[in-house]
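A closer look at the structure
One letter stands for each residue in the lines below.
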Amino acid sequence: MTIKDRLTQVQRRIRAAALRAGRDPGEVQLVAVSKLISAERIREGVEAGIRILGENRVQEARAKVEALPGLEVEWHLVGHLQTNKAKLAVRLFSLIHSLDSLRLAQELDKWGRSLGKTVETLVQVKLAEEETKTGLPEEEVLPFLRAVGDLPSVRVQGLMLLPPYCPDPEEVRPYFRRLRQLLDHLKGEPLPENVVLRHLSMGMSHDFEAAIEEGATLVRIGTALFGPRPSAAEPEPATVGQGGRGLAAI
Ligand SMILES: *Cc1c(COP(=O)(O)O)cnc(C)c1O
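Residues numbered from 1 in each chain as written. Predicted model: local features only at pLDDT ≥ 70, side-chain atom pairs only at ≥ 80, totals over all residues. Heavy atoms only, no water.

**As for the overall build of the chain**
On a plain count of helices and strands, the chain comes out with 10 helices and nine strands. For the chain, the C-alpha radius of gyration of 18 Å lies close to 18 Å, the compact-globule estimate for 250 residues. Dimensions of the chain along its principal axes, counting C-alpha atoms only, are 55 × 45 × 35 Å. Across the 250 residues that make up the chain, the buried fraction comes to 50%. (Helix = DSSP H or I, 4+ residues; strand = E, 2+ residues; numbered from the N terminus. Rg over C-alpha atoms; globule rule 2.2 N^0.38 Å. Buried < 20%, exposed > 50% of the residue type's maximum accessible area, 1.4 Å probe, protein only.)

**Examining the nonpolar core**
Counting 71 residues, the largest nonpolar core has Leu108 and Leu159 as the members making the most contacts within it. Those residues in contact with Leu159 that sit more than four places away from it in its chain are Leu122, Val123, Val125, Val141, Leu179, Leu182, Leu183, Leu186, His199, Leu200 and Ser201. (Core = buried A, V, L, I, M, F, W, Y, C linked by side-chain atoms within 4.5 Å. Contact = heavy atoms within 4.5 Å.)

**Quick word on the site of the ligand**
The local shell around the ligand consists of Val33, Lys35, Val78, Leu162, Met204, Ser205, Arg220, Ile221, Gly222, Thr223 and Arg229. One of the side-chain N or O atoms of Arg220 is found 2.9 Å from a nitrogen atom in the ligand. A distance of 2.5 Å separates an oxygen atom of the ligand from a polar atom in the side chain of Thr223. For the ligand, whose free accessible area comes to 390 Å², the fraction covered by protein is 91%. A breakdown of the residues in the shell around the ligand according to their chemical character gives five nonpolar, three polar and three charged. (Near = heavy atom within 4 Å. Polar contact = N/O pair within 3.5 Å; in protein donor to acceptor, adjacent residues only side chain to side chain. Areas by Shrake-Rupley, 256 points an atom, 1.4 Å probe, with all protein chains shown as cover. Nonpolar A, V, L, I, M, F, W, Y, C, P; charged D, E, K, R; others polar.)

**Comments concerning the packing of helix 1 (residues 3-20) against helix 2 (residues 39-48)**
Running from N to C, helix 1 and helix 2 point in directions that differ by 50°, and their axes come no closer than 9 Å. As judged from the angle between their axes, helix 1 and helix 2 are oblique. Between helix 1 and helix 2 lies a crossing of right-handed hand. In this structure, helix 1 uses Ile3, Lys4, Arg6 and Leu7 to contact helix 2, whose residues at the interface are Arg41, Glu44, Gly45 and Ala48. Looking at the contact of helix 1 with helix 2 residue by residue, the classes come out as three nonpolar, one polar and four charged. (Axes fitted to C-alpha atoms, helices over the stretch in contact; angles between N-to-C directions. Parallel < 35°, antiparallel > 145°, perpendicular 65-115°, else oblique. Left-handed = near helix turned anticlockwise from the far one by under 90°.)

**Side note on the side chain of Ser34**
Along the polypeptide, Ser34 turns up in the loop between strand 1 (29-33) and helix 2. Look past the residues within four positions of Ser34 in its chain and what remains in contact with it is Ile42, Leu53, Gly54, Glu55, Glu60, Lys64, Trp75 and Phe226.

**What to know about helix 7 (residues 169-187)**
Spanning 19 residues, helix 7 covers 27 Å between terminal C-alpha atoms, matching the ideal 27 Å at 1.5 Å per step. Taken together, the buried positions of helix 7 are Val172, Arg173, Phe176, Leu179, Leu182, Leu183 and Leu186. Lining the buried residues of helix 7 we find strand 5 (119-126), helix 6 (141-148), strand 7 (154-161), strand 8 (195-201) and helix 8 (208-213). (Expected span 1.5 Å × (residues − 1).)

Encoded structure:
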């Protein structure tokens, strides 16, 4: 199957899930997660109709942005962001899904101010006790959002969830529901002006339909669009791909 075929299929499934839940399919945006996928295949995806690309590493995203000049896409960061890469992240991404500490928010605010940009973010929430995952525990989200009021170059647009991996989407559904309930609860609280809670980033290839039924507005889908990824330990030689050489030739 081509990326275009897969994209058509995913878009159809997104639409059907939204309609099942009585939602407007237009409320759900597809973030095509292109980590470890070559620039060439990304270009193929964009030509097929992908409009938002999600990357989980800042350096890899930079290489791809440079290898793919002139693509009409938004780049989102979906992976953890270290404070020392905040400046580059502010330059590259139109939405950072992984804001997870006040220190990072302060750093983003600093670079946003210096680059004359409002840094658009989602707060990553951790609903399960998992040492390996980043994200703010549920009870810390409201105090965090209030503190963001002092950082006017950062705007929080919603919440993001990376739940524990379960192959069965029905086992993940309660996490999606809980994130939605948390968003609804927070919307009823007095919040600073730069906190506008309208997005829920949740759902991946194997569980995005359940996430949409529970209220996702951004689904982050990799495998179902691009096929299985090469392993992180041995990236494809063409991770950055032809585009890189093409750029040097210009
Ligand atoms: C890789 C990744 C995805 C996409 O995963 P698939 O199962 O390939 O759809 C979504 N979100 C994050 C944060 C990821 O790192």
